[in-house]
2 protein chains.
Amino acid sequence: MAENKKLTLKDIARALNISVSTASRALKAHPDISDETIRTVKEYAEKHNYVPNALAINFRKSRTFTIGLIVPELVHHFFSTVISGAIDAAKKMGYSVLVSQSNDVLQDEITACRTMLASSVDGLLISISNETVEGNHILEFIHEGKPVIQFDKITDQLQTPKVIVDDFEGAYQAVKHLIETGYDKIAHLRGRREVKNAMERALGYEKALKDFHKEFHEDWVKECKLINEQEGYDFAKALMESQNPPNAIFCITDLVALGAINYLKEAGIKIPQEVGIMGFSNWKLAEIVNPSLSSVDQHGYQIGEKAAEMLIEKIQNQDVSSHETVELKTNLVLRESTNLSQK
Amino acid sequence: MAENKKLTLKDIARALNISVSTASRALKAHPDISDETIRTVKEYAEKHNYVPNALAINFRKSRTFTIGLIVPELVHHFFSTVISGAIDAAKKMGYSVLVSQSNDVLQDEITACRTMLASSVDGLLISISNETVEGNHILEFIHEGKPVIQFDKITDQLQTPKVIVDDFEGAYQAVKHLIETGYDKIAHLRGRREVKNAMERALGYEKALKDFHKEFHEDWVKECKLINEQEGYDFAKALMESQNPPNAIFCITDLVALGAINYLKEAGIKIPQEVGIMGFSNWKLAEIVNPSLSSVDQHGYQIGEKAAEMLIEKIQNQDVSSHETVELKTNLVLRESTNLSQK
DNA sequence: CTGTTAGCGCGTTCAT
DNA sequence: ATGAACGCGCTAACAG
C-alpha cells in the first residue's frame, strides 16, 4: 500500500557519502558548497524524489506557514468572498489558511482561537463576533509574537492593524445618490448602535441628509436587532403606514432591503417610482431579487486579499506592534430598486 | 511586547528538580508516576501556564491534527455549507481544517494538493474540479498513508471513500412530485454527460417518466454547459417556443431554474399554473426568488459533517484502503414554483 | 569547501 | 517510581 519511508537528508548523505549538513546546504545552494556537490546532491534528490519533512522544518523554525482565519459565519456571501480573497492571496505568498467560524458566539470564538494557537498558526485574521468586547483571547496571539489583523467587524479596543470598508463614505454616497435622483424623504433601517459598521453607516446617512438639507426624523430611523428579512418587512410596513411616510429607504443590509421590497410589493407600492430602496453589501441576492436591488459593494474579495497580505507581511517582519487601519472604498451598484437618472 | 519564552518540559523539570521524562509522564498521569509527583507537576504546569509545544509533538508523532479541504469554489452556497459542516465536525473531534479552492481548474487543484501535502495535513476532503480526470495528485496522499475522501463532485476513477447525495433518487422524487401534482409534459435542463451528478439526475428524471408512463422527448432535454442563469433563460425560451412545449421544467440547478423563471415571467407564462419549475440544490436564492422555487435539498452541512467524521476515523484507524460510498438522501422543499396539492 | 557537533521539545526505551 | 539517553529531521555555529 503505502510505500512511505520518505527519503531524508540522512539517506541522501549516506548514499552520496557526504555529511548531512553538506546535503542540507547543497540543496539550498549555499555559497560555501562547490557547484559540483550541489549538482550531485540536487540530482540525487530529484531522482529519488526527496521531499523535505515539513514538520521537522516547522519545528526547527517554529513557524508553520499557516495563518488562521476566523469569521462569524461561513455560510454567508460576504464572508465567503473575504475568505476566498484571503486564501488566494495567502497561496500566492506560500501560506495556507486554517478556517474557523464563531457563529457570533463568544465562547466559540475563544475556542477557535485556542485551537489555532495550538495548531501554531503564524498569525490571525479575524472578524469578531457580536459578543466580543475585550478580546483577551485575541491578545494571546500578540503575546506569543503572532500578528493579528482584524477585518470588517472590528473593535477599537484591540490595538491591531485593521482592514475595513469605509462604511461612512459608502452610506454617504448611497444616500447622496438617492437624493440626487429625486428622493427627498429618506428613511434608514439601521443596525445596533454597539456595532461599529452600523454606526458608521448611520452617521453617513445623517451627514448626507444634513449636507443636502433634507428632512431628518428620528421616526425614520429604525434599529434592526437581527438584521433579517422579517425586520425589513416589519419596519418598512411601519414606515409606510406612518403619518409621514418616506419615499426611499436606505437599508443596513441587502437582506433587510429584501424584506422591505417584499412588503412594498405586497402593499402595491411601486419600486422605484413611489419608493426607492437601497441595500448595503451587494450580495448575490441583490441581482436576483425582483426588482433587482441597488446596493453598496464592499469588495469582500479585496478585503480578504489585503488583510492576508498585510498579515503575512507582518509575520515576515515580526511586526506585532503596529496598528494602522486600511480603509477600502466601497462602490455603488445601481439596479432597478432606485431611480437611475437625475431628476 | 512579546513575553514569549514559552515554558518547556525542561523548565518544569529544572524548577521541580526532577527529570524531563518524569515531568512528561506526570503530565499525562502515567501509572508509573507517584500521585504526589503527578500532583506537584500538574500544579506547577497549571500555575505557570504550561502549553505543550504543538510543533514538537506534531514532529515527533508526524501528524498535525489538521485535515485539508478542497472545493471547486468557495463563494458558493452549497460548498460553503459543506465547509461549515466539515469544520464543525472536525472541531468536535479535535481537528482543524485547511481550506483551499481549485476554481475548477486542474492546475490549481494540483497546486492546492501539493501545498496541503507540504503542510502535512493528516488527510484530505476533496470535491474535484470539472477538469480532473485521473487524479495522481490525489493518489499521492494515499501513497503517503493519508486517507482521502471525495464528496459531491467525485470520480470513480479514484478508489477512495465517497460521500455523495443520492442524485438519482432526488431527481426521481422531484419529477415524481411534478407528475403527481398534475404536470404531464416535463422537460429537463440537464448538465454535461461527463459530470456524474448531472448524469444521475438525468437518469432519475427519465426513470420517473418511464415509471409513470409520461411522454419523453429528446427535444425536452437540453444540456447546459455552463449551468448558469442565461442558459436557463435561453433553454426555457427554446422549449416554450417549440412545437410541443412542456408544462414543467426540472432544472439541474437553482440558478438555471432562476433563468427559466425569469423567461417565463417575461413571457407572461404563469408559474406554477401554466408551467411548473423545479430546481435542485435548494440554495438561498430558492427562497428569495419570486415566485419562490421548489427545489431538492442536498443537505450540504450533513455532507460536510459526515465526510469529516469519516475522514478522521480513517486517519485514526490508519485506514487508507477502504472505499465505501455513503449516499445521503435529499429531500424535496416545496415552494411556489410548483403546484402544491395533488391534482 | 566540508564535516562535526549540538540542539529545537517531546516521547520512549532502557536502566536503576 | 524515577532518570539518563536517544532520536525524530533539520539547521546552524563552529571547526578545520
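Residues numbered from 1 in each chain as written. Chains lettered and ligands numbered in written order. Predicted model: local features only at pLDDT ≥ 70, side-chain atom pairs only at ≥ 80, totals over all residues. Heavy atoms only, no water.

Undergrad: Quick question: what am I supposed to make of the domain arrangement of chain A here?
TA: By a frequent convention, interface size equals the accessible area lost on bringing the separate parts together. All names here are of chain A. Each assigned domain of chain A is listed with its residue range as follows: domain 1 (9–59), domain 2 (62–163 + 299–327) and domain 3 (167–298 + 332–342). Summarising the inter-unit geometry, the C-alpha centres of domain 2 and domain 3 are found 31 Å apart. Taken together, the contact between domain 2 and domain 3 spans eleven residues of the former and nine residues of the latter. Interface area, domain 2 with domain 3, both sides summed: about 840 Å², of which 46% is carbon and sulfur. When the area that domain 2 buries against domain 3 is broken down by residue, the three leading residues are H77, N130 and H299, summing to 46%. The interface formed by domain 2 and domain 3 contains one salt bridge. (Domains from an automatic or database assignment. Contact = heavy atoms within 4.5 Å. Buried area = accessible area lost by both parts, 1.4 Å probe. Salt bridge = Lys/Arg side-chain N within 4 Å of Asp/Glu carboxyl O.)

Undergrad: What am I meant to see in the relation of the copies chain A and chain B here?
TA: One copy of the chain maps onto the other through a rotation about an axis followed by a shift along the same axis. Mapping chain A onto chain B calls for a screw motion: a turn of 180 degrees about the axis and a shift of 0.0 Å along it, with 0.1 Å RMSD after fitting. In short, the pair behaves as if placed about a two-fold rotation axis. The rotation axis passes nearest to the C-alpha of L98(A) in chain A, at a distance of 2.2 Å. When the interface residues of chain A are mapped onto chain B, 100% of them again fall at the interface, so both copies present the same face. (Least-squares fit on C-alpha atoms with pLDDT ≥ 70 in both.)

Undergrad: Explain the packing of helix α1 (residues 9–16) of chain A against helix α2 (residues 20–27) of chain A here, please?
TA: Each pair of packed helices gets described by two things: the angle between the helix axes and the distance between those axes. Residues and elements named next belong to chain A. As a packed pair, α1 and α2 sit with axes 8 Å apart at the nearest point and diverge in direction by 105 degrees. On the basis of the axis angle, α1 is roughly perpendicular to α2. Here L9, K10, I12 and A13 of α1 lie close against α2, whose contacting residues are V20, A23, S24 and L27. Here the contact of α1 with α2 is composed, by residue class, of six nonpolar, one polar and one charged. (Axes fitted to C-alpha atoms, helices over the stretch in contact; angles between N-to-C directions. Helix = DSSP H or I, 4+ residues; strand = E, 2+ residues; numbered from the N terminus. Parallel < 35°, antiparallel > 145°, perpendicular 65-115°, else oblique. Nonpolar A, V, L, I, M, F, W, Y, C, P; charged D, E, K, R; others polar.)

Undergrad: How do you make sense of the protein's contact with DNA strand C when you look at a structure like this?
TA: Near DNA strand C lie 25 residues; those nearest to it are S21(A), T22(A), L9(B), Y50(B) and R60(B). Sugar plus phosphate: this is where 66% of the atoms of DNA strand C within 4 Å of the protein reside. Here a phosphate oxygen of DNA strand C sits 3.2 Å away from a polar atom, N or O, in the main chain of S19(A). For the surface near DNA strand C, the secondary structure elements donating two or more residues are α2 and α4 (54–61) of chain A together with α1 (9–16), α2 (20–27) and α4 (54–61) of chain B. Among the elements that line the surface near DNA strand C, the one with the most residues is α4(B), at four residues. Among the residues making up the surface near DNA strand C, the classes are represented as nine nonpolar, nine polar and seven charged. (Near = heavy atom within 4 Å. Polar contact = N/O pair within 3.5 Å; in protein donor to acceptor, adjacent residues only side chain to side chain.)

Undergrad: In this structure, what is going on with the sheet that holds strand β9 (residues 276–278) of chain B? I would like to understand it.
TA: The strands that make up a sheet are held in pairs by hydrogen bonds between backbone atoms, and each pair lies either parallel or antiparallel. Residues and elements named next belong to chain B. The strand order across the open sheet built from four strands is β7-β6-β8-β9, with neighbouring strands paired in parallel fashion. Here the strands that pair on one side only, and so sit at the sheet edges, are β7 (221–223) and β9. Direction aside, the axes of adjacent strands within the sheet are offset by 15 degrees on average. Bridge count for strand β6 (residues 186–190) against β7 is three bridges, and the pairing is parallel. What sits directly across from L189, in β7, is K222. Where helix α8 (residues 167–180) meets the sheet, its contacts fall on β6, β8 (248–251) and β9, and the angle it forms with β8 comes to roughly 170 degrees. (Pairing = 2+ DSSP bridges.)

Undergrad: Sorry if this is basic, but what is going on with the packing of aromatic side chains here?
TA: The description of an aromatic ring pair rests on the distance of the ring centres and on the angle between the ring planes. Scanning the entire structure with this criterion turns up 13 aromatic pairs over all chains. Cation over ring: R201(A) sits above F280(A), and NZ or CZ is 3.8 Å from the ring centre. (Phe/Tyr/Trp six-rings, centres within 6.5 Å; stacked < 30°, edge-to-face > 60°. Lys NZ or Arg CZ within 6 Å of the ring centre and 35° of its normal.)

Undergrad: Can you walk me through the protein's contact with DNA strand D in this structure?
TA: Lining the immediate surroundings of DNA strand D are 28 residues, of which L9(A), K28(A), Y50(A), T22(B) and R25(B) lie closest. Close to the protein, within 4 Å, the atoms of DNA strand D belong to sugar or phosphate groups at a rate of 67%. Within the contact set of DNA strand D, a phosphate oxygen lies 3.0 Å away from a side-chain nitrogen or oxygen of S24(A). Separating a base nitrogen of DNA strand D from a side-chain N or O atom of R60(B) is a distance of 3.0 Å. Residue assignment for the surface near DNA strand D shows that the elements contributing at least two residues are α1, α2 and α4 of chain A together with α2 and α4 of chain B. Of the residues contributing to the surface near DNA strand D, the split by class is eleven nonpolar, ten polar and seven charged.

Undergrad: What exactly am I supposed to notice about the interface of chain A and chain B here?
TA: Counting residues at the interface gives 46 residues for chain A, matched by 46 residues for chain B. Roughly 3,800 Å² is buried in total at the junction of chain A and chain B, and carbon and sulfur atoms are behind 64% of that figure. Area buried by chain A at its contact with chain B is led by L55(A), F59(A) and I288(A), which between them contribute 16% of it. For the pair chain A and chain B, the number of links is two salt bridges. Inspection of the region where chain A meets chain B yields seven residue pairs in polar contact (both at pLDDT 80 or more). Those elements giving two or more residues to the side of chain A that touches chain B turn out to be α4, α5 (77–92), β2 (96–101), α6 (106–118), α7 (136–143), α11 (254–266) and α12 (284–288) of chain A. Here the side of chain A that touches chain B gets eight residues from one element, more than from any other, and that element is α5(A). In terms of residue class, the side of chain A that touches chain B is made up of 20 nonpolar, 19 polar and seven charged.

Undergrad: Would you mind going over the environment of L139(A) with me for this structure?
TA: Looking at where L139(A) falls in the secondary structure, it is placed in helix α7. With 20 residues separating them in the primary sequence, L139(A) and Q159(A) have C-alpha atoms 8.9 Å apart.

Undergrad: Please explain α2(A) as it appears in this structure.
TA: Residue pairs spaced three or four apart in an α-helix point in one direction, given the helix's 3.6 residues per turn. Residues and elements named next belong to chain A. Residues of α2 that are buried include every one of T22, A23 and A26, and no others. Buried residues along α2 cover an arc of 100 degrees about the axis, so they all sit on one side. Packing partners of the buried residues in α2 comprise α1 and α3 (35–47). A29 sits one or two residues past α2 and shows a positive phi near 45 degrees. (Buried < 20%, exposed > 50% of the residue type's maximum accessible area, 1.4 Å probe, protein only. Arc of directions from axis to C-beta.)

Undergrad: Looking at this structure, I do not really get the side chain of K146(B). What am I missing?
TA: In this fold, K146(B) is placed in the loop between α7 (136–143) and β4 (148–151). Comment: no salt bridge for buried K146(B); closest opposite-charge side chain is E144(B), at 4.5 Å. (Lys, Arg positive; Asp, Glu negative; His and termini not counted.)

Undergrad: What should I look at first to understand the pairing of strand β6 (residues 186–190) of chain A in this one?
TA: The side chains of a regular strand alternate between both faces of the sheet. Residues and elements named next belong to chain A. Within β6, five of the five residues are buried, which leaves the element mostly enclosed by the surrounding structure. Residues of β6 alternate between two faces, with I186, H188 and R190 on one and A187 and L189 on the opposite face, all of them buried. Where β6 lies against strand β8 (residues 248–251), four bridges are found, and the strand directions are parallel. Bridge pairing links L189 to C251 in β8. Handedness of the β6-helix α9 (residues 196–211)-strand β7 (residues 221–223) crossover: right-handed. (Right-handed = clockwise from strand over helix to strand, strands pointing away.)

Undergrad: I'm lost on helix α9 (residues 196–211) of chain B in this one. Help?
TA: All names here are of chain B. Compared with an ideal rise of 1.5 Å per residue, which puts 16 residues at 22 Å, α9 spans 22 Å between its outermost C-alpha atoms and is within 8% of the ideal. Residues of α9 that are buried in the fold lie against α8, β6, β7 and β8. In the stretch just after α9, H213 is the one whose phi turns positive, near 55 degrees. (Expected span 1.5 Å × (residues − 1).)

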